[in-house]
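Working through the structure, step by step
Given next are the chains, with one letter for each unit.
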Amino acid sequence: MKSVLTKITTLLAIALLSGCASHMGPTSGAPVEDSNTSVRVPGQQTPAQPSRTDNKQNPNQDAEDNRGWRVIEPTPEPDAPAQGRTNSAVDALLQQGRTQYQGGDYNRAIASAERALRIDRRNPAVYLLLAENYQRLGNSEQAQQFAQQGLRYSRDDYTVDAALRGVLGEL
Amino acid sequence: MTKRRTPAPRRKPRKKAAAQKRHGRALLKLWFLYAVVFAIVALGLWVVYLDFVVRAKFDGKKWSLPARVYARPLELYEGMALTPTLFESELKALGYRFVANVAAPGQVSRHANGGRVAYHVYSRGFEFWDGRDPARRFALALNQGQVSRLVSGSEPLALMRLEPEQIGGIYPTAQEDRLLVRLSGLPPLLGETLLAVEDKSFLDHYGVSPLAIARAAWVNLRSGDVVQGGSTLTQQLVKNFYLSHERSLTRKAQEAVMSVLLEVHYSKSEILETYVNEVFLGQSGTRAIHGFALASQYYFRQPVSELDTAKVALLVGMVKGASYYNPWRNPERAKQRRATVLMVMHRERLIDDAEYKRAQAAPLGVVEPGSNAQTTYPAFVQLVKRQLAQEYQEEDLRSDGLRIFTTLSPMVQRQAEQAVQQRLNSLEAQYKTENLQAGMLVTSVGAAEVLALVGDKNPRYAGFNRALDAHRPIGSLMKPFVYLTALEQPASYNLGTTLSDAPVTVSSDDGQLWQPQNSSRRSHGDVPLIDALVHSYNQASARLGMQLGLAQVANTLQRAGFKGYIPPVPAMTLGSVEMSPYEVAGVYHTLATEGSYTPLRAIRDVLTSTGEPLKRYPLRIEQRFRPQSAFQLQYALQAVLREGTGKRVYNQFSADLPLAGKTGTTNDQRDSWFAGFSGEHLAVVWVGRDDNSATPLTGSGGALQVWADLMTQLPTRGVNLTPPQGVSFDWLDHDTGALSAEGCEGAIWIPLETDFAPSRAVDCRLDQQQRERSWWHRFWN
């Protein structure tokens, strides 16, 4: 009787777990955006990914104690993209570009923004700067293109997102 | 009666004769006078003419200055990927000298500590389009392939730009090259040495120095050799600047007159300045090196202001005969000549004893011959010229001294050349064949800047540029555009849509038949759309292309940026379109940016010869495809490399790096293509033969290998994996395209547009095999 109960519980657990499985673990989620993290450098060892079996010290022992059941820890979220380092260069250029924009030097501001894009082409603030400068220059076509491109990356930055939409609204 | 007086007639002829003689003499004197006057007038006119010549050329544009072409400047910032090898080769190409203690611009010091390498650099400063960057000291540390620290003094430095390397030029028809320099830009020692050696009394004479001529004659007679020249600097300038090198008396006279005239009109400093820019100092192939500033770059790869005593002496010594005293071809003679010059410098007290000894002992200090990058990137410079030709007249390009700043990355260029050469050599050895050729283009993703261009297996060869001009059928490289056309109709197609890969026959109105076959000669029945692209099934793709319509497919290729001819035939869907690697990069760039089109750029800006900004080539973008469709296509192109025809790529790369690409092979394997990209770099490779004969290579066997060889060397970021709004990942059933779930048999994980997700779901049959092996099996022991 006890073994049957165990087996039923087991089956239920399997059903439950298989239902949940699609929402956890690296095989089921789209890999987190990699663009800022894995700057792969030739000849470097790739950083070891946390492995699901890492927390097992003695597989055989666990199997014995738990009759084959084992706990699967949810894999930790990979670290947020390391924004810190590239940002100071991009920030400096953005600041320079802002100053140039405010001074009416639109072409130089655009040049600064393009330099920033070469370092990080997914920074929405750079697209905002470009859109505003082209707007001032009367080039509404490029202003619109850059604003829309910026919106692709501004989901996490409310201020910039709003500003981009603002520019689009004015065009 | 009177008698005739006879003496009279006798007197007359005598008188007449005498008178005639006097008359004759007077006439002669008169003629002589006329002649003299005429000569004087003629001489005067001649002098006036020479005066005009002297002034016209001196006041006008003195020289046709070649346009100079520069690579992109290296921008440094913390977190940037950079290795010591790459950094040092960049510094070396710019002529930086490694020293123990950095004291002046152009110097760098290096300290290695375990894996960390630290540099102190004194940059030279440069006139960029957006302003002047001053010379400045900074410190940089490289650790684990990245810039770990960037400071100036004690302040952190956000961004630092080194001066760009000159990579080429557009030379005047006379093939003269020079870098203009002002007298103030020369080290004072150089001017003083020049005067001491060539023309001691320069500051005193009036163009010609009879004393100098006499002295030289005496000295030369005594030593039995031409040790001293009697010509002043002014005369030398006139000879080189205005006249030819023939040696005749009239020419010498002309030279003398013009020298005096020059001195009359212009100051000593003006004359000297023109001299230092005119003097011939070397020959590089067809290019003549004029002026000390260029000679300094040519022989030492340093700006003339940085030259030390020994180098100054060598250059001044070469004035006497640049070829005769060439330090590469005749190093012993060059050294002896330098010793003579140093002796003069010492005698005239321009340098002290210690400096004299040091300079005598110093090596010549010249760089390796032929290491000048000025002629070493011909394929890329060809592209630059073509882009310039759209805006500038050829004549102006050759003479106005424009400064052209390009997108070339010498680092990437060197690596691309190496990848092509080495891989082609190894393929030829492997397949025991010869005459393989290649064209390759590398661009950045986003700004579409051309970073590298290889036109020939031998990159130094400036002939047929295959990257720009080899138009070949693209074969399967066309398929992504067929599939993109489908994905742009989300109501009808997604990556899981079932396509038929059964044999297909296409007929035309006049009875022609086309029956494309899969390269494996097998049919695969019904397949999901993604599989047909990933495994490059011809039959499914042709059928799909016909369903969508040839006009639609052609339109997709045009929207992606192709401006050439697309034959309106069904075979077009399988790539019977001829394109160059450059054009392929143009359209694949649109795929790499998820649908945003930017024309490829090789030029960033142009300045005048004096550093005034002239023109900028700004970034222009245009979203031409729906980001949702483009993202799905990009996912499929990643799958090509994970599971499809391009899976060899991951033999050389870590599975953590997302890359995307497509292989292409044409009939009889005449063309081996690969177009692939990361989040940062796009590269297109063509391998084949110039005579269009068959090769033993498929796309993945040839071009892909070259691509992988390059991309493994480039620090790069992966393809973006975040879907745009409106797209999310889900499981679909492989066989029917209906919804499925993880663990079900035949479930595939793909991105879908949420607004157009299939409504039907399959009955999930748990994938027994997997379970049994890993989970189920374990549990039941």
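Now for a look at the structure at hand. Keep in mind the model is a prediction, meaning the values are calculated, not measured. (Residues numbered from 1 in each chain as written. Chains lettered and ligands numbered in written order. Predicted model: local features only at pLDDT ≥ 70, side-chain atom pairs only at ≥ 80, totals over all residues.)

Some remarks on the overall build of chain A
Within chain A, the regular secondary structure consists of seven helices and zero strands. Tracing chain A from N to C terminus, the helices and strands come up as α-α-α-α-α-α-α. Evaluated residue by residue, chain A yields a buried proportion of 32% over its 171 residues. (Helix = DSSP H or I, 4+ residues; strand = E, 2+ residues; numbered from the N terminus. Buried ≥ 20, exposed ≤ 12 C-beta atoms within 10 Å, placed from the backbone.)

Here we look at the pairing of strand 5 (residues 116-122) of chain B
Residues and elements named next belong to chain B. The pairing of strand 4 (residues 107-113) with strand 5 spans seven bridges and is antiparallel. Among the inter-strand pairings, histidine 111 is bridged to a residue of strand 5, identified as alanine 118. Counted along the chain from strand 4 to the antiparallel partner strand 5, the turn is two residues long, and its residue glycine 114 has a positive phi close to 65°. Both strand 5 and strand 8 (residues 137-143) contribute to a ladder of six bridges, which runs antiparallel. (Pairing = 2+ DSSP bridges.)

A word on the sheet that holds strand 10 (residues 155-156) of chain B
Residues and elements named next belong to chain B. The mixed open sheet is built from six strands, whose spatial order is 3-4-5-8-9-10. Every interior strand has two partners, whereas the edge strands, strand 3 (97-98) and strand 10, have only one. Across two bridges, the pairing between strand 3 and strand 4 is parallel. Looking across to strand 4, one finds that phenylalanine 98 is bridged to valine 108.

A few points about the sheet that holds strand 30 (residues 671-677) of chain B
Residues and elements named next belong to chain B. In spatial order, the strands read 18-17-31-30-29; together these five strands make up an open sheet with antiparallel pairing. Looking at strand neighbours, the two that pair on one side only are strand 18 (450-454) and strand 29 (660-665), the edges of this open sheet. Each strand of the sheet is rotated relative to its neighbour by a mean of 5°, with strand direction disregarded. Bridge count for strand 30 against strand 31 (residues 681-688) is seven bridges, and the pairing is antiparallel. Opposite aspartate 671, over in strand 31, you have glycine 688 as the bridge partner. (Axes fitted to C-alpha atoms, helices over the stretch in contact; angles between N-to-C directions.)

Considerations on the pairing of strand 27 (residues 613-616) of chain B
All names here are of chain B. Judged from the three bridges that link them, strand 26 (residues 603-607) and strand 27 form a sheet pairing that is antiparallel. Bridge assignment links valine 606 to a residue of strand 27, and that residue is lysine 615. If you look at the hairpin formed by strand 26 and strand 27, you'll find five residues sitting between the two strands, and glycine 611 has a positive phi there, around 95°.

Digging into the nonpolar core
All names here are of chain B. Judged by nonpolar contacts, the single largest core of 174 residues is most densely connected at Met440, Ala636 and Val685. Sort the elements by how many residues they give to this core and helix 21 (residues 627-643) lands first, with nine residues. In contact with valine 685, other than residues within four places in its own chain, are Ala438, Met440, Phe674, Ala703, Val706 and Trp707. Membership of the second largest hydrophobic core comes to 45 residues, among which are Tyr298, Val319, Val341 and Met345. (Core = buried A, V, L, I, M, F, W, Y, C linked by C-beta atoms within 7 Å. Contact = placed C-beta atoms within 7 Å.)

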